[in-house]
Amino acid sequence: MRFTAGGSTTRSWQPTAAGADTTDLHFWLQWRVAVCGLWVLCCVVAAAYLIWRHEGPGAHRRPGGAVKERRNRRPDGLLYDDEAWRPCLRDIHPAWLLAYRLVSFFVLFSLLIVIVISDGGSIFYYYTQWTFMLVTIYFGLATALSIYGCSKFANWNAVAAATDTELGPYAAHGAGNKPTANEEDDGTREIAGFWGYLLQIIYQTNAGAVMLTDCVFWFIIFPFLTVKDYSMNFLLIGMHSVNAVFLLGEASLNSLRFPWFRIAYFFLWTALYVVFQWIVHASTPIWWPYPFLDLSANLAPLWYFAVAFMQLPCYVIFRLVMNLKRNLLSKHFSGSTVMDRQWMYGDRRHNEFTAGLNFFIRVAEENKRPDGFMCCPCVDCQNKKDYSSSKTLHTHLIRFGFMPSYNCWTKHGERGVMMEDNEEEEDDDNYPMFPEYGFTATGEAEDQEASDEHADDLGRAIADAKRDCETEKEMLKFE
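If you're wondering where the values come from, they're calculated on a predicted model, not measured in any experiment. (Residues numbered from 1 in each chain as written. Predicted model: local features only at pLDDT ≥ 70, side-chain atom pairs only at ≥ 80, totals over all residues. Heavy atoms only, no water.)

J.: What exactly am I supposed to notice about the overall build of the protein here?
T.: From N to C terminus, the protein includes 12 helices and 2 strands. Sequence-distant contacts, at least 24 apart, represent 78% of the contacts inside the protein between residues at least 6 apart. (Helix = DSSP H or I, 4+ residues; strand = E, 2+ residues; numbered from the N terminus. Contact = heavy atoms within 4.5 Å.)

See the structure below:
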């Protein structure tokens, strides 16, 4: 963080060197240093606890495995493999997210090179450049994972196309299943590996760090420079704006989750920078990059506490942005997001469930099989029974609820993810029943359901017989 001084012969402004000798052992034995160290230690301990609590072996983070969710609740820290490269909307091809990430990486990397050439390697003495470099690394890694994801997505489509060609548009009911490229295997999904989780961690670390650096610059440092009549160059403004713009754009496009506990990595990132500064000052007498880091100041403990506390609202700001994105997508693109679709397993009396269910019924109607039947994904049927009437699906889903982990509607027209063979879904009997819906009060729903099922059995038999007819005359007998 350098500031070009207007009308001055010096190229940039830098803080003056500290009056105290930071290489002297007595400097580090002062009470102010001990209190500041306590604040840093508290952040590190809190971060370590959160990581141990949520990222440990009990968090089901085995790379390459498949998760079986209990009670329809997805673990907060869980990341699926395809979430690292899929856009937030299923209708958007992953190549668009790849293009955005590639452009972002190129711009940030170019800007970083220009700044290093202009100011030298000493720029990494500042927290701003640390964060800017981390954002650049994120987009580089994200671009690589998007390339991998697009390749995987293309392979799935190729397998699906070959399967459709082989089976034909009028494959008989009960014929062999399509290849696993389009199957979600009743809810099991491949968990992200090391690089996927690393991307998630860097993403959430950047979220807090970028908000912290930009808020401090624009709300604290910028007004000070304006009063002092310092002019700022393009590079300085770019370092404190471009990274935030690209990161917010990334947040609006990707399907990465934002669990709150990963604020721990933001704590560790900031603590690492502070410890780095202490080591540098203990080795050589040099000026402090930021006045609030000067341990010789009388208010140093208060400044350190304030900076430590500021991490919370900075992280919360980005989390609020993510919540706003989720709400907008659920409102305007109900059911078409790659998000959790938590409404499927929420209170079935809620308006959100009703709206989502109506959308699902429309999707199911639009993706009926050629014989006019569609799978029922309720807890009782679990996509193993077929019906021709959408009213039957509607009744079953309100009465029983959706089967476990059916977030991706692979049996109803959506592309799934590549699954491991021989995976079996874990039974879950923890579905709340709601007698207040009225299904058990009069018995009318049960009677209607039974008649629909009998009609469907007859319809299926007629449809199968029609397909077996060799002549048009024989087929007309069933009309």
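J.: What is the right way to read the packing of helix 7 (residues 263-283) against helix 8 (residues 300-332) from this model?
T.: Between two packed helices, what matters for the description is the angle formed by their axes and the separation of those axes. Contact geometry for helix 7 and helix 8: axes closest at 10 Å, N-to-C directions at 150°. Classified by the angle between their axes, helix 7 and helix 8 sit roughly antiparallel to one another. Classified by chirality, the crossing of helix 8 by helix 7 is right-handed. Across the interface between the two elements, Ile263, Phe266, Phe267, Thr270, Val274 and Trp278 from helix 7 touch Tyr304, Gln311, Leu312 and Tyr315 from helix 8. Among the residues making up the contact of helix 7 with helix 8, the classes are represented as 8 nonpolar, 2 polar and no charged. (Axes fitted to C-alpha atoms, helices over the stretch in contact; angles between N-to-C directions. Parallel < 35°, antiparallel > 145°, perpendicular 65-115°, else oblique. Left-handed = near helix turned anticlockwise from the far one by under 90°. Nonpolar A, V, L, I, M, F, W, Y, C, P; charged D, E, K, R; others polar.)

J.: Can you help me understand the packing of aromatic side chains in this one?
T.: In this description, a pair of aromatic rings is defined by centroid distance and the angle of the planes. A complete count under the given rule lists 32 aromatic pairs for this structure. Ring centres of tryptophan 278 and tyrosine 304 lie 6.1 Å apart, and the angle between their planes is 35°; this geometry places the pair in the tilted category. You can see tryptophan 278 sitting in helix 7 and its partner tyrosine 304 sitting in helix 8, a full 26 residues away along the chain. Exposure remark for tyrosine 304: the relative accessible area of 6% places this residue in the buried category. (Phe/Tyr/Trp six-rings, centres within 6.5 Å; stacked < 30°, edge-to-face > 60°. Buried < 20%, exposed > 50% of the residue type's maximum accessible area, 1.4 Å probe, protein only.)

J.: Honestly, the pattern of salt bridges in this entry has me stumped. Any pointers?
T.: Where charged atoms from two side chains of opposite charge approach closely, those side chains can pair. All chains considered together, the criterion is met by 8 salt bridges. For glutamate 365, the salt bridge is made with lysine 368, and the minimal N-O distance between the two is 3.4 Å. As a salt-bridge pair, arginine 369 and aspartate 371 come within 3.5 Å of each other at their nearest N and O atoms. (Salt bridge = Lys/Arg side-chain N within 4 Å of Asp/Glu carboxyl O.)

J.: Hey, could you run me through unusual backbone geometry in this one?
T.: Most peptide bonds adopt trans geometry, and most residues besides glycine take a negative phi value. You will see that glutamine 382, though not glycine, has its phi angle at about 55°, which is positive. Relative to the assigned elements, glutamine 382 resides in the loop between strand 1 (374-375) and strand 2 (386-387). For glutamine 382, a relative accessible area of 22% corresponds to the partly exposed category.

J.: Is there a simple way to think about the nonpolar core in this case?
T.: Nonpolar side chains tend toward joint burial in soluble globular proteins. By size, the foremost hydrophobic cluster in this structure holds 75 residues, and its most contacted members are Tyr203 and Phe318. Contributions of two or more residues to this core are made by helix 1 (31-54), helix 2 (94-119), helix 3 (127-167), helix 4 (194-227), helix 5 (234-239), helix 6 (242-253), helix 7 and helix 8. Beyond its immediate stretch of four places on either side in the chain, tyrosine 203 contacts Tyr138, Leu247, Glu250, Ala251, Asn254, Leu256, Arg257, Phe258, Phe318 and Met322. Judged by nonpolar contacts, the second largest core, of 22 residues, contains Trp343, Met344, Phe359 and Cys381. (Core = buried A, V, L, I, M, F, W, Y, C linked by side-chain atoms within 4.5 Å.)

J.: How do you make sense of the state of the cysteines when you look at a structure like this?
T.: In a disulfide, the sulfur atoms of two cysteines are covalently bonded to one another. Counting across every chain of the model gives 0 disulfides. You can see cysteine 375 has no disulfide; the closest cysteine sulfur is in cysteine 376, sitting 8.9 Å from it. Judged by relative accessible area, cysteine 375 falls into the buried class, the value being 9%. (Disulfide = S-S within 2.5 Å.)

J.: Even after reading the chapter, I still don't get the environment of glutamine 311, so can you show me in this structure?
T.: Here glutamine 311 shows up in helix 8. Placed 48 residues apart in sequence, glutamine 311 and isoleucine 263 show a C-alpha to C-alpha distance of 8.7 Å. The residues touching glutamine 311, leaving out its near neighbours within four places in the chain, are Cys43, Ile263, Phe266, Phe267 and Thr270.

J.: Sorry if this is basic, but what is going on with a nonpolar patch on the surface here?
T.: Together, Leu299, Leu302, Trp303, Phe305, Phe309 and Leu312 line one region of the surface with nonpolar side chains, adding up to about 630 Å² of accessible area. Following the sequence through the fold, phenylalanine 309 ends up in helix 8. (Patch = residues over 30% accessible without salt bridge, like charges linked within 9 Å, V, L, I, M, F, W, Y side chains within 5 Å. Areas by Shrake-Rupley, 256 points an atom, 1.4 Å probe, with all protein chains shown as cover.)

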